[in-house]
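Below, each chain spelled out in residue letters.
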Amino acid sequence: CYTISPIHNQETFVDLAKQLEKMGCHSICIKDMAGIMSPKVAYNLVSAMKKAVKLPIVVHTHSTTGLGPMTLLKAVEAGADTIDTAISCFSGGTSQPATESLSYSLKEMGFDTGLKEDKLKEINDFFKPVQSQALSSGLLNPIVMNTETDALVYQVPGGMLSNLVAQLKAQNALDRFPEVLQEVPRVREDLGYPPLVTPSSQMVGVQATTNVLVGERYKNVSKEIKAYLHGEYGRAPGKVNEELRKKVLGDEKPIECRYA
């Protein structure tokens, strides 16, 4: 599974795809966790991968920024074998694009999705009351169902966005949400651009929230962030802020070898 990151380019992904094929992998998934992959990037990346390897290509994106449906359509045009979608009542926002809409569009374009409209309606009708209950109970926050174009700047994944909203709501600090969004990319840069997927997405999100709510950056640092800076999660993809590492670790030296 490849996670789209600002420090990677198309050539990096194609080279990795070739390596994975040699290793005997069964498929390759391009994971756009923040919904920031544009239709053009999706088309170019999938096209390049399909030329380089024979493995099935899966594309996973979110509707957070509103790009999701367009991105998936272009990915299919480029030859993607599988796309990830969500049944319509639970689609959009930090979730995936709607299954029914994409299936309809793809069939209009001449693709055979193999999906049956009557069965999709049956599934959606079943989950509509579940969605209603989740909204009324507060389990599902309407904020995460909106289109958030600021994510194109902050590059916060859908699942992470939902977690941030839940954390701030629990602290009665939902009004600080815009500040936390601004802090996330700063923390990520300080940590050398870890991929924003589990567990590093939660680590970055919690630290960004703490920085904002405490009112001082890195006054309180989680044990997970300390372990990360110590090298226990492996080598960072980018350059770590050495001043931050020194502040957190003190005289303790980071590990150079493989921690396991």
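Preceding block: the structure.
The model shown is predicted, which means the values in this text are computed figures rather than measured ones.

Procedures and definitions
Residue positions are counted from 1 within each chain, in the order its sequence is given. Two thresholds apply to this predicted model, a pLDDT of at least 70 for residue-level local features and 80 or more for giving and counting side-chain atom pairs, whereas whole-chain, interface and lining totals are computed over all residues. Think of the side-chain values as coming from all heavy atoms in the structure, minus any hydrogens and water. Strands here are runs of E lasting at least two residues and helices are runs of H or I lasting at least four, both read from the DSSP assignment and numbered beginning at the N terminus. When we talk radius of gyration, it's over C-alpha atoms, and the globule rule is simply 2.2 Å times the number of residues to the 0.38. Think of it in three bands: residues with accessible area under 20% of the maximum for their type are buried, residues over 50% are exposed, and the middle band is partly exposed, with areas taken using a 1.4 Å probe on protein chains only. Residues form patches when they are more than 30% accessible in relative terms and have no salt bridge. Like charges link within 9 Å. Nonpolar side chains (Val, Leu, Ile, Met, Phe, Trp, Tyr) link within 5 Å. For the accessible areas, the method is Shrake-Rupley and the probe is 1.4 Å, while residue cover comes only from the protein chains on display. In what follows, salt bridge is the name for a side-chain nitrogen of Lys or Arg lying within 4 Å of a carboxyl oxygen of Asp or Glu. Nonpolar cores are built from buried Ala, Val, Leu, Ile, Met, Phe, Trp, Tyr and Cys residues. Side-chain atoms within 4.5 Å join them into one set. Here, two residues are considered to be in contact whenever any of their heavy atoms come within 4.5 Å of each other. The criterion for strand pairing is that DSSP finds at least two bridges linking the strands in question. An expected span of 1.5 Å times one less than the residue number is assigned to each helix. Think of it this way: a Phe, Tyr or Trp ring, Trp meaning its six-membered ring, pairs with another when their centres are within 6.5 Å, and the plane angle makes it stacked under 30 degrees, edge-to-face over 60, tilted otherwise. Here, a charge over a ring is recorded when the distance from Lys NZ or Arg CZ to the ring centre is within 6 Å and its angle to the ring normal is within 35 degrees.

Draft legend 1. Looking closely at the overall build of the protein. Across its full length, the protein carries eleven helices and four strands. Its C-alpha atoms give the protein a radius of gyration of 20 Å, near enough to 18 Å, the size a compact globule of 260 residues would have. Each principal axis of the C-alpha atoms in the protein carries an extent, and together these give about 65 × 50 × 30 Å. Taking all 260 residues of the protein together, the buried fraction comes to 44%.

Draft legend 2. Spotlight on a nonpolar patch on the surface. Together, Ile123, Phe126, Phe127 and Val130 line one region of the surface with nonpolar side chains, adding up to about 350 Å² of accessible area. Following the sequence through the fold, isoleucine 123 ends up in helix H5 (residues 117-137).

Draft legend 3. Spotlight on unusual backbone geometry. Although it is not a glycine, asparagine 172 sits at a positive phi angle of roughly 55°. Considering the arrangement of structural elements, one finds asparagine 172 in the loop between helix H7 (158-170) and helix H8 (177-190). Look at tyrosine 193: it is not a glycine, yet its phi comes out positive at around 55°. Looking at where tyrosine 193 falls in the secondary structure, it is placed in the loop between H8 and helix H9 (200-214).

Draft legend 4. Region of interest: the nonpolar core. Counting 33 residues, the largest nonpolar core has Val156, Phe177, Val180, Val184, Leu191, Val204 and Leu229 as its most contacted members. At the level of secondary structure, the elements contributing two or more residues to this core comprise H7, H8, H9, helix H10 (223-230) and helix H11 (242-249). If near-sequence neighbours (up to four positions away) are discounted, valine 156 is found in contact with Ala34, Ala151, Leu161, Leu164, Leu181 and Val184. Ranked by size, the runner-up nonpolar core spans 22 residues in total, among them Val53, Val76, Leu102 and Leu106.

Draft legend 5. How the structure looks around the pairing of strand S3 (residues 57-61). Among the five residues in S3, five count as buried, and that is most of the element. A two-sided burial pattern is seen for S3, the buried positions comprising Ile57, Val59 and Thr61 on one face and Val58 and His60 on the other. Both strand S2 (residues 28-32) and S3 contribute to a ladder of five bridges, which runs parallel. Each bridged residue has a counterpart across the sheet, and for cysteine 29 the counterpart in S3 is valine 58.

Draft legend 6. Structural detail: H9. Between its terminal C-alpha atoms H9 stretches 21 Å, which fits the 21 Å expected from 15 residues at 1.5 Å a residue. Here H9 has its buried residues at Ser200, Ser201, Met203, Val204, Gly205, Gln207, Ala208, Thr209, Asn211 and Val212. Downstream of H9 by one or two residues, glycine 215 has phi in the positive range, about 90°.

Draft legend 7. The arrangement of the packing of aromatic side chains in detail. A full pass over the atoms with the stated rule returns three aromatic pairs. Aromatic pair phenylalanine 126 and phenylalanine 127: ring centres 5.0 Å apart, planes at 90°, arrangement edge-to-face. Through a chain of ring-to-ring contacts, three or more aromatic side chains come together here, namely Phe90, Phe126 and Phe127. Sitting above the plane of the tyrosine 43 ring, lysine 74 keeps its charged end 4.9 Å from the centroid.

In short, shape yes, function no, at least from these values alone.
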